[in-house]
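Take a look at the letters that make up each chain.
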Amino acid sequence: VLDEIGAQDDDIVIYTCCDEILKKSSALACIEAIKLNPSKIFMFRLQLFAFKFNSVHKSWNRTDTTGIMMNQKTMKEQLVGTRREHRICTDISNDAGWHFCSMDKYSDGAMIQEKYRSWAHSKDQESGKKSKYELTQEEALQRLLSDYEIEKIVEVNYDNLPAYIVDNQDEFADYIIPVDEL
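Here we summarise the structure given alongside this text. Note that this is a predicted model, so its numbers are computed, not measured. (Residues numbered from 1 in each chain as written. Predicted model: local features only at pLDDT ≥ 70, side-chain atom pairs only at ≥ 80, totals over all residues. Heavy atoms only, no water.)

Looking at the pairing of strand S8 (residues 97–101)
With five of its five residues buried, S8 lies for the most part within the structure. The pairing of strand S2 (residues 20–22) with S8 spans three bridges and is antiparallel. Paired with Leu22 across the bridge in S8 is Gly97. Two strands pair when backbone bridges link them, and strand S4 (residues 47–50) and S8 are joined in this way by four bridges, in the parallel orientation. Note on S8: the bridge partner recorded for Leu48 is His99. (Buried < 20%, exposed > 50% of the residue type's maximum accessible area, 1.4 Å probe, protein only. Helix = DSSP H or I, 4+ residues; strand = E, 2+ residues; numbered from the N terminus. Pairing = 2+ DSSP bridges.)

Things to note about helix H5 (residues 137–147)
Regarding H5, the residues found buried are Ala140, Leu141, Arg143 and Leu144. On an axial view of H5, the arc spanned by its buried residues comes to 160 degrees, and they lie on one face. Exposed residues pointing more than 90 degrees away from the buried face of H5 are listed as Glu138 and Ser146. (Arc of directions from axis to C-beta.)

What about the nonpolar core?
Phe49, Phe53, Phe100, Met103 and Leu161 are the most contacted members of the largest nonpolar core, which totals 14 residues. At the level of elements, S8 and helix H6 (163–167) are the ones that each hand at least two residues to this core. Met103 has contacts with Phe49, Ala50, Phe51, Lys52, Phe53, Met111, Ile112 and Tyr175, leaving out every residue within four places of it along the chain. With ten residues, the next largest nonpolar core counts Leu22, Ala27, Ile34 and Phe44 among its residues. (Core = buried A, V, L, I, M, F, W, Y, C linked by side-chain atoms within 4.5 Å. Contact = heavy atoms within 4.5 Å.)

What about the sheet that holds strand S7 (residues 91–93)?
With mixed pairing, the four strands of this open sheet are ordered in space as S1-S6-S3-S7. Since the sheet does not close on itself, it has two edges, and those belong to strand S1 (12–15) and S7, each with one partner. Neighbour-to-neighbour, the strand axes of this sheet turn through a mean angle of 20 degrees, independent of strand direction. With three bridges joining them, strand S3 (residues 42–44) and strand S6 (residues 66–71) adopt antiparallel strand pairing. Bridge assignment links Met43 to a residue of S6, and that residue is Ile68. Its contacts with the sheet put helix H1 (residues 24–36) on S1, S3, S6 and S7, and the angle it makes with S6 is roughly 35 degrees. (Axes fitted to C-alpha atoms, helices over the stretch in contact; angles between N-to-C directions.)

Digging into helix H4 (residues 110–118)
Taken as a whole, H4 has its buried residues at Ile112, Gln113 and Tyr116. For H4, the buried positions fall inside an angular range of 100 degrees around the axis, keeping them on one side. Residues Glu114 and Ser118 are exposed on H4 and point more than 90 degrees away from its buried face.

Describing the side chain of Ser102
Assignment of secondary structure puts Ser102 in the loop between S8 and H4. Polar contacts involving the side chain of Ser102 include one to the side chain of Lys115, which spans 3.0 Å. Aside from chain neighbours lying at most four places away, what touches Ser102 is Phe51, Ile112, Lys115, Leu144 and Tyr148. (Polar contact = N/O pair within 3.5 Å; in protein donor to acceptor, adjacent residues only side chain to side chain.)

Thoughts on the environment of Asp147
By secondary structure assignment, the location of Asp147 is in helix H5. When its relative accessible area of 27% is taken as the criterion, Asp147 is described as partly exposed. Residues Asp147 and Gly128, 19 residues apart in the sequence, show an inter-C-alpha distance of 15 Å. The contacts of Asp147, once residues within four sequence positions are left out, are His57, Lys129 and Lys132. Here the side chain of Asp147 touches Lys132 through a polar contact of 3.3 Å, side chain to side chain.

Read these as geometric descriptors, not functional statements.
So this is what it looks like as structure tokens:
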């Protein structure tokens, strides 16, 4: 696709899922490093939030990486999905942003159930469990809270979350757990 829209070999490509947001500072630092050394391939460690914007998954600092950045020439050498799946990179950018997983506005499992029923792997069977596609609304919420054990709830501020969420927290109130409720 990038060749079709005229991407040049020295263009820098960022490949992340739509629920991953890079910190501007991390993205710019990686871009500059790739400009200096075009063979660099960065992956990102992102803080993982599940269920609500301010509920941190217990293993947010795990060794898992997500998202990838490289120049177009390097990307053409091997499928980006293969690089991402097998963690093929030269560098890792730590604390590089945020990954928001399985957000649920209503806290009742309805949005989780909808996600599970539209997700590519929703019919994959785990040993001894229903597939995510088969779950009721309540079961979907329970599976989410089981799969993504919440470590802590953080305050909505610029140190913890992207500026867009902080600046628009009134609009996102249904996606935020009030800290005073804890």
